[in-house]
Amino acid sequence: MAVIFINDREFQTEEEVTLLELARQKGIEIPALCHHQALSPYGACRLCTVEVCKEDKSRLVTSCTYPVREEGISVYTDSPRVKQLRRVIVKLLLARCPQVKLIQDLAEEMGLEGSPFPLHDQEECILCGLCVRVCSEVIGKNAVSFSYRGAGRKVSTPFNEPSEECVGCTACAFVCPTGAIKVEDSDETRYMEFWNTKIPLRRCKECGITYTPENTPEYILGKLELPKNLLDLCEKCRRKAVAESLSNYDVTSRSVIIKK
Ligand code: FES
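These remarks concern the structure in this document. (Residues numbered from 1 in each chain as written. Predicted model: local features only at pLDDT ≥ 70, side-chain atom pairs only at ≥ 80, totals over all residues. Heavy atoms only, no water.)

### A few points about the sheet that holds strand S3 (residues 49-54)
Rules: Whether two strands pair comes down to DSSP finding at least two bridges between them. Numbering of helices and strands starts at the N terminus; helices are DSSP runs of H or I of at least 4 residues and strands are runs of E of at least 2. For helices, the fitted line uses only the C-alpha atoms of the stretch in contact; every axis is such a line through C-alpha atoms, and the angle between N-to-C directions lies from 0 to 180 degrees. The criterion used for residue contact is that any of the two residues' heavy atoms lie within 4.5 Å.
The strand order S2-S1-S5-S3-S4 describes an open sheet built from five strands, whose pairing is mixed. Single-partner strands in this sheet number two, and they are strand S2 (9-13) and strand S4 (57-62). The mean angle between the axes of side-by-side strands here comes to 30 degrees, regardless of whether they run parallel or antiparallel. The sheet contact formed by strand S1 (residues 2-6) and S2 spans five bridges and is antiparallel. Opposite Phe5, over in S2, you have Glu10 as the bridge partner. In the packing of helix H2 (residues 80-96) onto the sheet, contacts are made with S3, S4 and strand S5 (74-76), and the angle to S3 comes to roughly 155 degrees.

Printed below as a string of structure tokens:
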């Protein structure tokens, strides 16, 4: 069991957690942009930085990557050093993505106005890497990754070419904190502009509407054991098919009886 202090309050934990997770469990808010509970910690945005003190030494660490192991540490989530660092981080983010609402709100909370740096055109990606991690860790694909270095660093498909790996699941858009990854479905295709990728959509075998990217059902079948015929249907027709098949059973009695 680890006993630590956060903002002078004592906490104990037996779980393997990070400082960020423990603080959130205890209702202590720490801002974080590149953390997602379903994904491995990455430490990209550094906004979750806190000050860790032990004896007469203190250091700044990213709370999302710092495991709660050491006994007797004192953690400060809002100390003057922490606040100062967060202001610098948000200023830099504001310089990169001045039009992103999330960053504007953070800047406003900190009393920051405008950006002291030249503004980039329409940049919405803060390089948090959530899209890269969700694609690889959850979906099991590696359709996108970081490329280039320094100021030119970006997230993209290999060589910015349309991706053959992308299954169009939109998990990347779902976890993106700034809404940089947009998904546009037309009658025939799903367009992932950020990845320069167009994916044909599949038509429902029953009603004929387009409902999912062409290769998604096969991808799901490779991961889960599901009846293939249901994956060939849109959500509405699938519900109908399931309801019809259930109507063959008497589910009102305690045991399920197949109707004759
Ligand atoms: S949330 Fe910890 S570094 Fe981004």
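Still more ground to cover, so stick around.
### Remarks on the nonpolar core
To keep it simple, the criterion reads: Nonpolar cores are built from buried Ala, Val, Leu, Ile, Met, Phe, Trp, Tyr and Cys residues. Side-chain atoms within 4.5 Å join them into one set. Burial classification: accessible surface area is computed with a 1.4 Å probe over protein chains only, and a residue below 20% of its type maximum counts as buried, one above 50% as exposed, and the rest as partly exposed. Either an automatic procedure or a domain database provided the assignment from which the domain bounds are taken.
Counting 25 residues, the largest nonpolar core has Leu33, Leu47, Val90, Leu93, Ile103 and Ile126 as the members making the most contacts within it. If you list the elements that add at least two residues to this core, you get H2, helix H3 (101-109), helix H4 (130-138) and helix H5 (171-175). Counting contributing residues, this core receives three or more from each of domain 1 (2-109) and domain 2 (130-235). Beyond its immediate stretch of four places on either side in the chain, Leu47 contacts Pro31, Ala32, Leu33, Arg86, Ile89, Val90 and Leu106. Of all hydrophobic cores here, the second largest spans 20 residues; its members include Leu20, Ile28, Val52 and Val61.

### Let's talk about the packing of aromatic side chains
To keep it simple, the criterion reads: Only rings of Phe, Tyr and Trp enter the pairing, Trp through its six-membered ring, and a pair is recorded when the two centres are within 6.5 Å. The plane angle decides the type: under 30 degrees is stacked, over 60 is edge-to-face, the rest tilted. Charge-over-ring placement is defined geometrically: NZ (Lys) or CZ (Arg) within 6 Å of the ring centre, and within 35 degrees of the ring normal.
As enumerated under the stated definition, the model contains two aromatic pairs in all. When the centroid spacing of 6.0 Å and the interplanar angle of 15 degrees are considered together, the rings of Tyr42 and Phe146 count as stacked. Here Tyr42 is found in the loop between helix H1 (19-25) and S3, whereas its partner Phe146 is found in strand S6 (residues 145-147), with 104 residues between them in sequence. An angle of 80 degrees between the planes, with centres 5.1 Å apart, marks the rings of Phe194 and Trp195 as edge-to-face. The residue whose ring lies beneath Lys198 is Tyr191, and the NZ or CZ to ring-centre distance is 5.5 Å.

### Comments concerning helix H6 (residues 216-223)
Spelled out, the test is: An arc is given here, and it is the one of the directions from the helix axis to the C-beta atoms.
Within H6 the residues assigned to the buried category are Thr216, Pro217 and Tyr219. Each buried residue of H6 lies within a common arc of 160 degrees when the element is viewed along its axis, so the set occupies one face. On its buried face, H6 is in contact with strand S10 (197-203), strand S11 (210-213) and helix H7 (228-231).

So yeah, pure geometry; function would need other evidence.
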